[in-house]
Amino acid sequence: MSSDLKAKTVQGFGWSALDNVAKTGITFVVSIVLARLLSPDEYGLIGILTIFIVVFNSIVDSGFTQALIRKKDATDVDYSTVFYVNLVVSVFLMICFFFLARPIAAFFERVELVSLTRAMSVIVVINALALVQRTRMTKIINFKSQTKITFLSTLFGGVVGIVLAYLGFGVMSLVAQQIVTQGMTTILLWVFGRWFPKAVFSKKSLAELWRFSWKLLASSLIDTTWKEIYQVVVGKCYSPATLGLYTRAKQFSQMFSSNMTSVISRVSYPVLSSIQDDKVRLKKGYQRLIRTTMYLSFVFMLGMAATAKSMIWILLGEKWMACVPFLQLICFTGMLYPLHSLNLNMLQVQGRSDLFLRLEIIKKIINCGPLLLGIFVDIYWMLIGSFVTGCIAFYLNSYYSGPALNYSTLSQVRDVLPSFGIGFFMALCVFALNFVSLSPYLLFPIQILLGMIIVVAVSELMKLPEYLEIKNILFSKLSKKR
């Protein structure tokens, strides 16, 4: 990897990570306050509506974001064409969502969902207005502006949500928080992006982008719909309160797993796409990303699973303790997310959206197992089954993405195994402290301190390359600021 590209990549990862940290940090603090003002049942109602929002967002995007980033010579005609398609599709889906309010409320047997669904439907259009703006910034690896936007919009939306919850607006405070956050994000993207669609629409451009993007759309629909089906199963087969606990556990695990996956996808895809014709550089960049990101993923996710009990007690309170086992099981599945993302990104970089789609179909057939366990056995067995199918998914992803670069599944396992060993050893030591009779307020910081000491000490002794690379990047950044 050339020095210029490496510097650009490191800078991109830095700003993208800061973007996610800002969003996650503020959302995390806001969610703690809201969790003490609201109930698991109210969170469950929003969890139900999130199912539809996520699926509709995938339809609106239609894979065009990835197609535009991959296209080296994307023009204003391409961007404008995609913008108008996104807008028209989003308006149509918003209308559908509005009129689906009563059937949704009837299916989940909660009349409150009628007004909540209609209020949330506007988010589909708001998000659509921001897609091309964000894509343009991502393509040029401009995450600095995106970080500022995320910080301001998340902070403002969080304040609105807390104030409304304190004033007694209940679940509507969560709806208002999301609408305000997304609305401000879209406005600021337009202000910072300084791009406006031209009065032009090209069928040729649409057809060219669609040849690549339709497979990604199908893949995304299969993936997002399947992920949200888990929430449907929990919400329908159990209760909104259980869904609220499950949703909170997912949100905690996503503080790191999904955010890291998002950072990796946003930065690695445009960077790796820029060197897609140089197989040697592509493999080296790919390998370094896998080793470094999986080191962080194993340490943080296994550490979170080990400290879940004391962490939930301190941050959310006793009424949320039932979500602890959910969180622990989800952490084991979530630690593999970055590995999935990198392998799937490589397929897109290589232009193999056909394999991308085929993989999604195969994996979702396999994922029927955990769903059936959730419906007919128990939610815990559903989560255990999800971890097993996650391991199978890694094998399938790497089996198809690796050969083109001579980077097989076994090679990837060998590369990440030392990091897993360090993370697992640390988690065992930290988890053992749960059996010591200590107050959660004392136990939690002791667990964090012990975990940090073990990870750094063992990594230093092993001279682990990925640890040393992270260390060098951090020290170089600190030295520049002096």
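Residues numbered from 1 in each chain as written. Predicted model: local features only at pLDDT ≥ 70, side-chain atom pairs only at ≥ 80, totals over all residues. Heavy atoms only, no water.

Visitor: How would you summarise the overall build of the chain if you had to cite specific residues and measurements?
Guide: Within the chain one finds 22 helices and zero strands. Of all 482 residues assigned to the chain, the portion counted as buried reaches 52%. Counted over contacts in the chain with a minimum sequence separation of 6, partners at least 24 positions apart contribute 83%. As displayed, the chain offers around 21,200 Å² of accessible surface, 70% of which is attributable to carbon and sulfur atoms. (Helix = DSSP H or I, 4+ residues; strand = E, 2+ residues; numbered from the N terminus. Buried < 20%, exposed > 50% of the residue type's maximum accessible area, 1.4 Å probe, protein only. Contact = heavy atoms within 4.5 Å. Areas by Shrake-Rupley, 256 points an atom, 1.4 Å probe, with all protein chains shown as cover.)

Visitor: Tell me about the nonpolar core, residues and numbers included.
Guide: Generally speaking, soluble globular proteins have nonpolar side chains that are buried together. With 91 residues, the main nonpolar core has L113, Y246, I312 and L327 as its most contacted residues. Counting 19 residues, the second largest nonpolar core, distinct from the first, contains F83, V132, L209 and L344. (Core = buried A, V, L, I, M, F, W, Y, C linked by side-chain atoms within 4.5 Å.)

Visitor: Before we move on, could you go through the pattern of salt bridges and cite the residues and values that matter?
Guide: If you walk through the whole model with that rule in mind, you get five salt bridges. Between R136 and D76 there is a salt bridge, with the nearest N and O atoms lying 3.8 Å from each other. In this pair, R136 is assigned in helix α8 (residues 131–139) and D76 in helix α4 (residues 76–99), connecting sequence segments 60 residues apart. With relative accessibility at 25%, the residue R136 sits in the partly exposed group. Accessibility expressed as a relative area gives 30% for D76, which makes it partly exposed. (Salt bridge = Lys/Arg side-chain N within 4 Å of Asp/Glu carboxyl O.)

Visitor: A description of unusual backbone geometry should follow, citing residues and the corresponding values.
Guide: The backbone phi angle of E109 is positive, close to 60°, even though this residue is not glycine. Along the chain, the position of E109 falls in the loop between α5 (101–108) and α6 (113–120).

Visitor: Hey, could you go over the packing of aromatic side chains for me, with residue numbers and the actual values?
Guide: Applying the stated criterion across every chain, the model contains 18 aromatic pairs. An angle of 90° between the planes, with centres 5.3 Å apart, marks the rings of F56 and F97 as edge-to-face. You can see F56 sitting in helix α2 (residues 40–61) and its partner F97 sitting in helix α4, a full 41 residues away along the chain. On the numbers, 5.3 Å between centres and 85° between planes, the contact of Y399 with Y400 is edge-to-face. A residue is classified by how much of its surface remains accessible, and Y399, at 48% relative accessible area, is partly exposed. What makes Y400 partly exposed here is its relative accessible area of 25%. Counting every residue linked through ring pairs, the aromatic cluster contains Y79, F83, Y84, W190, W195 and F196. Just above the ring of Y79 sits the side chain of R136; from NZ or CZ to the centre is 4.9 Å. Here the basic side chain of R248 rests over the ring of W320, its NZ or CZ set 5.6 Å away from the ring centre. (Phe/Tyr/Trp six-rings, centres within 6.5 Å; stacked < 30°, edge-to-face > 60°. Lys NZ or Arg CZ within 6 Å of the ring centre and 35° of its normal.)

Visitor: Can you lay out the environment of F92 for me, pointing to particular residues and giving the numbers?
Guide: Turning to its location among the elements, F92 is positioned in helix α4. Overall, the relative accessible area of 54% leaves F92 in the exposed class. In sequence terms F92 and V125 are 33 residues apart; their C-alpha atoms lie 9.2 Å from each other.

Visitor: Lay out the side chain of T81 in plain terms, naming residues and giving numbers.
Guide: Structurally, T81 can be placed in helix α4. You can call T81 buried: its relative accessible area is 0%. From its side chain, T81 meets the backbone oxygen of V77 in a polar contact 2.7 Å long. Setting aside chain neighbours within four positions, we find T81 in contact with V200, F201, S202, S205 and L206. (Polar contact = N/O pair within 3.5 Å; in protein donor to acceptor, adjacent residues only side chain to side chain.)

Visitor: Please give an account of a nonpolar patch on the surface that cites residues and values.
Guide: On the surface, a cluster of nonpolar side chains totalling about 1,100 Å² of accessible area is made up of V29, V33, L37, F151, L152, L155, V159, V163, Y166, L167, F169 and M172. Only α1 (3–37) and α9 (143–166) provide two or more residues apiece to the nonpolar patch. The dominant element in the nonpolar patch, judged by the number of residues it contributes, is α9, at six residues. Here Y166 shows up in helix α9. (Patch = residues over 30% accessible without salt bridge, like charges linked within 9 Å, V, L, I, M, F, W, Y side chains within 5 Å.)

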